[in-house]
Amino acid sequence: MRTSSLLRSAVALAVMGYGVAAAAPARPQYQISGTLVNSIDGSPVPHGHLTATLVATTLAAPTLVREGRTGRRHFPARTATGDTDDNGRFWISLPSAGRWSLAAGARGFTHQAYQEHGLFSTAVVLTSAAPSIQVRFALSPEASIVGVVLDEAGEAVRKAQVSLMRVAPPAPGQAERAAAHRGTTMTDDRGEYEFDGLPPGSYTICVTARPWYAVAAQGGRADSSSLDPSLDVTYAPTWFPGVDDPAPAEVLALNAGDHREADLRL
């Protein structure tokens with residue numbers, strides 16, 4: 001009886017040992033690593049910040065996938081972050097496989113998606129068969145547009161509203177360029193304005209303003225009905241370099257790190 005009991009115990013231990021040996025393999029360690037570099041000269045960008053966002057769990061292949069900006073994030077997104085060291089190197093540990101959107105930014109550089117161009121960027125796809133990938137992320141230095149707005153007498157126009165539009169190439173079969181509002185700023189006491197932190201692209205500028213005497217006449221009046229009609233005037237919207245129609249407006253093409261001047265006279 002004792003022998004039989006010992007035999008059963010031995011068999012049970014053997015089965016348990018087999019179960020341990022047949023346990024599932026270790027979970028893959030998903031990771032995106034690489035180097036963040038200056039898109040102009042290829043130098044490393046230290047102390048940059050990167051964010052990986054899960055945009056899809058359906059996997060096609062362990063590769064890079066081109067995707068548009070629209071129609072993404074159909075579910076609460078998972079995110080993971082990482083910073084670059086002094087040599088521009090980074091490592092981002094991820095919780096799962098999937099298609100990950102990678103974005104980066106740094107002081108003096110634009111915030112952009114990986115391989116961003118126009119409305120498109122490239123996503124990183126990880127699978128259990130290929131759980132990690134190394135990338136070279138080229139980050140564009142900030143571009144800027146500065147200028148001064150003058151009136152017909154050559155005097156500075158204060159508090160003029162300057163609007164910046166980003167222009168996309170015409171859609172197939174269309175002659176007009178598509179434009180999207182990028183930002184608005186006001187001129188200072190010297191009539192100067194600035195748009196900084198701009199990514200590479202094509203831009204147009206429009207200014208709307210009131211003459212100084214119209215602003216002075218209005219003053220702090222709440223009722224404009226008593227205002228002299230001859231003083232209730234504004235400048236026509238003016239597009240750089242000085243036209244009243246956006247169609248012939250000059251398009252400012254900015255490359256990474258460019259600094260352009262765009263002065264206007266109303």
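Residues numbered from 1 in each chain as written. Predicted model: local features only at pLDDT ≥ 70, side-chain atom pairs only at ≥ 80, totals over all residues. Heavy atoms only, no water.

> Please clarify how the overall build of the protein should be interpreted in this entry.
Of regular secondary structure, the protein possesses 2 helices and 18 strands. With 266 residues in all, the protein has 36% of them scored as buried. Only carbon and sulfur atoms are counted for the fraction: they give 54% of the accessible area of the protein, which is about 15600 Å². (Helix = DSSP H or I, 4+ residues; strand = E, 2+ residues; numbered from the N terminus. Buried < 20%, exposed > 50% of the residue type's maximum accessible area, 1.4 Å probe, protein only. Areas by Shrake-Rupley, 256 points an atom, 1.4 Å probe, with all protein chains shown as cover.)

> Is there a simple way to think about the side chain of Asp151 in this case?
Inspection of the secondary structure assignment puts Asp151 in the loop between β10 (143-150) and β11 (161-168). At a separation of 2.8 Å, a polar atom in the side chain of Asp151 contacts the main-chain amide nitrogen of Glu155. (Polar contact = N/O pair within 3.5 Å; in protein donor to acceptor, adjacent residues only side chain to side chain.)

> Hey, could you run me through unusual backbone geometry in this one?
A negative phi angle characterises most non-glycine residues, just as the trans form characterises most peptide bonds. Here Phe240 and Pro241 are connected by a cis peptide whose omega angle stands at 15°. Residue position: Pro241 is located in the loop between β15 (238-239) and β16 (252-254). Positive phi is not limited to glycine here, since Gln115 has a value of about 55°. Checked against the element boundaries, Gln115 lands in the loop between β7 (112-113) and β8 (120-126). Gln115 sits in the partly exposed class, given a relative accessible area of 40%. One non-glycine residue, Lys159, lies in positive phi territory at about 55°. By relative accessible area, which is 67% here, Lys159 ends up exposed.

> Mind showing me how you'd approach the nonpolar core here?
As a rule of thumb, soluble globular proteins bury nonpolar side chains together. Of all hydrophobic cores here, the largest spans 24 residues; its most connected members are Ile32, Ile92, Leu94, Leu102, Leu126 and Phe137. Looking at which element gives the most residues to this core, the answer is strand β9 (residues 132-139), with 4 residues. Residues contacting Ile92, with those up to four places away along its chain left out, are Tyr30, Gln31, Ile32, Leu50, Ala52, Ala80, Thr81, Gly82 and Leu102. Listed in part, the 21 residues of the second largest apolar core include Ala143, Ile145, Val149 and Ala160. (Core = buried A, V, L, I, M, F, W, Y, C linked by side-chain atoms within 4.5 Å. Contact = heavy atoms within 4.5 Å.)

> Is there a simple way to explain the environment of Gly105 in this structure?
If you trace the backbone, Gly105 turns up in strand β6 (residues 98-105). When sequence neighbours within four positions are dropped, the list of residues in contact with Gly105 reads Gly48, His49, Thr110, His111 and Leu139.

> Any chance you could explain the packing of aromatic side chains here in plain terms?
Two aromatic rings are characterised by how far apart their centres lie and by the angle between their planes. Scanning the model with the defined rule gives 2 aromatic pairs in all. Arranged with centres 5.4 Å apart and planes meeting at 55°, the rings of Tyr114 and Phe137 form a pair that is tilted. Residue Tyr114 is located in the loop between β7 and β8, and its partner Phe137 is located in strand β9; the two are separated by 23 residues in the primary sequence. Residues Tyr114 and Phe137 agree in their burial class; the two are buried. (Phe/Tyr/Trp six-rings, centres within 6.5 Å; stacked < 30°, edge-to-face > 60°.)

> I keep staring at the pairing of strand β5 (residues 89-94) and nothing clicks. Help me out?
Taken residue by residue, a regular strand's side chains alternate between the two faces of the sheet. A one-sided burial pattern is seen for β5, the buried positions being Phe90, Ile92 and Leu94 and the unburied ones Arg89, Trp91 and Ser93. Here strand β1 (residues 30-38) pairs with β5 via 6 bridges, running antiparallel. Looking at β5, one finds that Gln31 is bridged to Ser93. (Pairing = 2+ DSSP bridges.)

> Mind showing me how you'd approach the confidence of the model for the protein here?
When pLDDT drops low, the exact placement of atoms in the prediction is not to be read closely. For the protein, mean pLDDT is 82; residues scoring 70 or higher make up 72% of the total. Note that pLDDT drops below 50 for residues 70-75; the model gives that stretch 9 contacts with residues more than four away or on any other chain. (pLDDT = per-residue confidence, 0-100.)

> What is the right way to look at the layout of surface pockets in this model?
Vacant regions in the atomic arrangement are exposed by a probe of water-molecule size rolled over the atoms. In this structure, the largest pocket occupies an estimated 360 Å³ of space. Among the elements of the structure, β11, β12 (178-186) and β14 (201-208) are those that each provide at least two residues to the lining of the largest pocket. Grouping the constituent residues of the lining of the largest pocket by class yields 8 nonpolar, 4 polar and 3 charged. (1 Å grid on protein atoms, 1.4 Å probe; cavity = no way out; pocket = protein on both sides within 12 Å on 5 of 7 lines; lining within 4 Å. Points joined across faces, edges and corners; volume = space filled by probe spheres on them. Nonpolar A, V, L, I, M, F, W, Y, C, P; charged D, E, K, R; others polar.)

> It is not clear to me how the sheet that holds β5 should be interpreted in this structure. Could you clarify?
Strand pairing within a sheet occurs via backbone hydrogen bonds; the two strands may be parallel or antiparallel. Overall, mixed pairing links the 3 strands, which are arranged β5-β1-β9 in an open sheet. Edge positions in the sheet fall to β5 and β9, since each of these pairs with one other strand and no more. Neighbour-to-neighbour, the strand axes of this sheet turn through a mean angle of 25°, independent of strand direction. Across 8 bridges, the pairing between β1 and β9 is parallel. (Axes fitted to C-alpha atoms, helices over the stretch in contact; angles between N-to-C directions.)

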